[in-house]
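# A closer look at the structure
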Amino acid sequence: MHTDFRKDITIRQLCEGFVYNEFDEKGLFGLNGKLVIQPEYQRNYIYGDGKRDVAVIDSLLKGYPLGLIYFNKNGDMYEVLDGQQRITSIGRFVTNKFAVNVNDYPRNFDALDKNVQEDLLNTTLTIYICEGTEKEIKEWFKTINIVGVPLNEQELLNAVYSGPFVNLCREEFSNSQNSNIQTWENYIPGTYKRQDYLKTALDWVSNGNIETYMGTHRNDDNINEIKKYFTSVIDWIDRTFKTVDSSMCGLEWGRLYEEYKRVPYDVNKLDEIINELLADWRINDKKGIYEYVLSGEALEKKPLLNIRLFDKSVIKSVYTKQTKEAQEKGCSNCPMCSAAEGSNKNRIYKENEMDADHATAWSKGGATDISNCVMLCKTHNRSKGNR
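These numbers come from a predicted model, not from an experiment.

### Remarks on the overall build of the protein
The number of helices and strands found in the protein is 17 helices and eleven strands. Its C-alpha atoms give the protein a radius of gyration of 31 Å, more than 25% over the compact-globule value 21 Å for 387 residues. Expressed along its principal axes, the backbone C-alpha trace of the protein runs to roughly 95 × 55 × 40 Å. Here the protein, with 387 residues, has 43% of them falling under the buried criterion. With an accessible surface of roughly 20,300 Å², the protein has 47% of that area assigned to carbon and sulfur atoms. Computed over 50 positive and 57 negative side-chain charges, the inter-centroid distance for the protein is 7 Å.

Written out as structure tokens, the structure is:
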């Protein structure tokens, strides 16, 4: 791969013919139409948060270096290989899309003093222009990370498998104007800007084999399969659960859909059970509720709830064993009474006079199982606290 080092391109030249698509939230062109700012393998513009975009302009106004920028030369055209976020921020500022604080007053570009405008426009950037094969360019794109937020796994895969399939997927799953995002965000963590909805859709349809699926479908001219499957999962969730709760976000919905999509449910009864469990203080892991109820409250799924209380069978077993040992030793079946001096040192308590307690506190990682269960008299258990 051949590289050419340039320090003669100014911000004025860079922003000539700058086009920013507000609908897609991305910079399109610069250098009077010769620069493609966001090629298909690039991620969405994520600097438009009033902090990072402002920081880019603030650095330029103060004369700080902005870091290296990489272009890929393709015939007479250029593509931004690294620096898309910074270039888009510069272009948006020069075209008055946002303001920065100057002397404690917010000012867009046109509100700057003329000499400040000229200084900014005449600022030269440090740019490497690269020429190479598609494979070389994309391999370099995967490794360079000079400034800004590192690419996540899905953003890298979008670059490696760029093509019509990825373009269509991004139009559907990484589009800020897609009204379905309001529903998706109830069940999927993350943001469209960082490709989280696309990653989830790919994960569901490929059963976790995202890279293989992207490679297979790279040149497809439609996304019918992934869109249909993703919609099927979301629709199933919406039909099955009447109440939307924050604990639903981030569950393995693709797996749950495959396991339970053919099971008929009384959604009203399901909703009643779920709301009772959500309100139950004894349940530590609210996320486990959904698979538990989908399974028909199967006993083997109960650990998903991470319940803080011991089962009755455990209490009965520990009480019987503890009492038998205490009677043989001639001491109280409450270990704390037995260890103390007083009238209860040799007292044998009835089961209903005792509480099951965690030998290692539950809040400190102690398990709620028979190996960590100890019976204490109610007085000692309530005074024990978290020790």
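After that view of the structure, there is still more to cover.
### A short note on helix 7 (residues 164-173)
Restricting attention to buried positions, one finds in helix 7 the residues Phe165, Val166, Cys169, Arg170, Glu172 and Phe173. All buried residues of helix 7 lie within an arc of 165° about the axis, which places them on one face of the element. If you follow the buried residues of helix 7, they end up packed against helix 6 (153-160), helix 8 (181-184), helix 9 (196-206), helix 10 (210-217) and helix 11 (224-240).

### Observations concerning the packing of aromatic side chains
Under the criterion given, the structure shown has 19 aromatic pairs. Ring geometry for Trp236 and Trp253: centres 6.4 Å apart, planes at 70°, overall edge-to-face. On the criterion of sequence distance, the pair formed by Trp236 in helix 11 and Trp253 in helix 12 (residues 253-260) is long-range, its members being 17 residues apart. For the pair Trp236 and Trp253, one class covers both residues: buried. Through pairs of rings, three or more aromatic residues link up here, namely Tyr187, Tyr229, Trp236, Phe241, Trp253, Tyr257 and Tyr290.

### Considerations on the environment of Lys364
With respect to the secondary-structure elements, Lys364 resides in the loop between strand 10 (354-358) and strand 11 (373-377). As a C-alpha pair, Lys364 and Asn74 span 290 residues in sequence and 60 Å in three-dimensional space.

### Concerning the pattern of salt bridges
For side chains bearing opposite charge, pairing can occur when the charged atoms are close. Within this structure, the stated rule accounts for 20 salt bridges. For Arg52, the salt bridge identified is with Asp49, shortest N-O distance 2.9 Å. Given a relative accessible area of 36%, Asp49 falls into the partly exposed group. Between Lys345 and Glu341 there is a salt bridge; the shortest N-O distance is 3.9 Å. Note on Glu341: relative accessible area 72%, which makes it exposed. Sharing partners across several salt bridges, the network here consists of Glu252, Arg255, Glu259, Glu291 and Lys301.

### Details of unusual backbone geometry
With phi around 55°, Asn32 is a residue other than glycine that occupies positive phi space. Residue position: Asn32 is located in the loop between strand 3 (26-30) and strand 4 (35-36). A relative accessible area of 52% means that Asn32 is categorised as exposed.

### Digging into the packing of helix 6 against helix 10
The contact between helix 6 and helix 10 brings their axes to 10 Å, and the two run at 25°. In terms of axis orientation, helix 6 runs roughly parallel to helix 10. Relative to helix 10, helix 6 is oriented so that their crossing is right-handed. Judged by residue contacts, Gln154, Leu157 and Asn158 of helix 6 engage Ile210, Glu211 and Met214 from helix 10. Here the residues of the contact of helix 6 with helix 10 are counted per class, giving three nonpolar, two polar and one charged.

### Some thoughts on the pairing of strand 10
Judged by how many residues are buried, strand 10 sits mostly within the fold: four of five residues are covered. Relative to strand 11, strand 10 runs antiparallel, the two sharing five bridges. Bridge assignment links Asp357 to a residue of strand 11, and that residue is Val374.

### Let's talk about the side chain of Glu155
Looking at the element boundaries, Glu155 is found in helix 6. Of note is the side chain of Glu155, whose polar atom sits 2.7 Å from the side chain of Arg194.

### Let's talk about the nonpolar core
Counting 47 residues, the largest nonpolar core has Phe173, Ile226, Phe241, Trp253, Ile289 and Tyr290 as the members making the most contacts within it. Breaking this core down by element, the ones donating at least two residues are helix 7, helix 8, helix 9, helix 10, helix 11, helix 12, helix 13 (267-278) and helix 14 (288-294). At seven residues, helix 11 tops the list of elements feeding residues into this core. Residues contacting Phe173, with those up to four places away along its chain left out, are Trp184, Tyr192, Tyr197, Leu198, Ala201, Ile226, Lys227 and Phe230.

### Observations concerning the pairing of strand 9 (residues 127-131)
The side chains of a regular strand alternate, first on one face of the sheet and then on the other. Pairing of strand 1 (residues 2-6) with strand 9 involves five bridges; the strand directions are antiparallel. Within strand 9, the position partnered with Thr3 by the bridge is Cys130. With four bridges connecting them, strand 5 (residues 69-74) and strand 9 associate as parallel partners. Across the sheet, residue Phe71 finds its bridge partner in strand 9, namely Ile129.

The rules behind these values
Residues numbered from 1 in each chain as written. Predicted model: local features only at pLDDT ≥ 70, side-chain atom pairs only at ≥ 80, totals over all residues. Heavy atoms only, no water. Helix = DSSP H or I, 4+ residues; strand = E, 2+ residues; numbered from the N terminus. Rg over C-alpha atoms; globule rule 2.2 N^0.38 Å. Buried < 20%, exposed > 50% of the residue type's maximum accessible area, 1.4 Å probe, protein only. Areas by Shrake-Rupley, 256 points an atom, 1.4 Å probe, with all protein chains shown as cover. Lys, Arg positive; Asp, Glu negative; His and termini not counted. Charge placed at Lys NZ, Arg CZ, Asp CG, Glu CD. Arc of directions from axis to C-beta. Contact = heavy atoms within 4.5 Å. Phe/Tyr/Trp six-rings, centres within 6.5 Å; stacked < 30°, edge-to-face > 60°. Salt bridge = Lys/Arg side-chain N within 4 Å of Asp/Glu carboxyl O. Axes fitted to C-alpha atoms, helices over the stretch in contact; angles between N-to-C directions. Parallel < 35°, antiparallel > 145°, perpendicular 65-115°, else oblique. Left-handed = near helix turned anticlockwise from the far one by under 90°. Nonpolar A, V, L, I, M, F, W, Y, C, P; charged D, E, K, R; others polar. Pairing = 2+ DSSP bridges. Polar contact = N/O pair within 3.5 Å; in protein donor to acceptor, adjacent residues only side chain to side chain. Core = buried A, V, L, I, M, F, W, Y, C linked by side-chain atoms within 4.5 Å.

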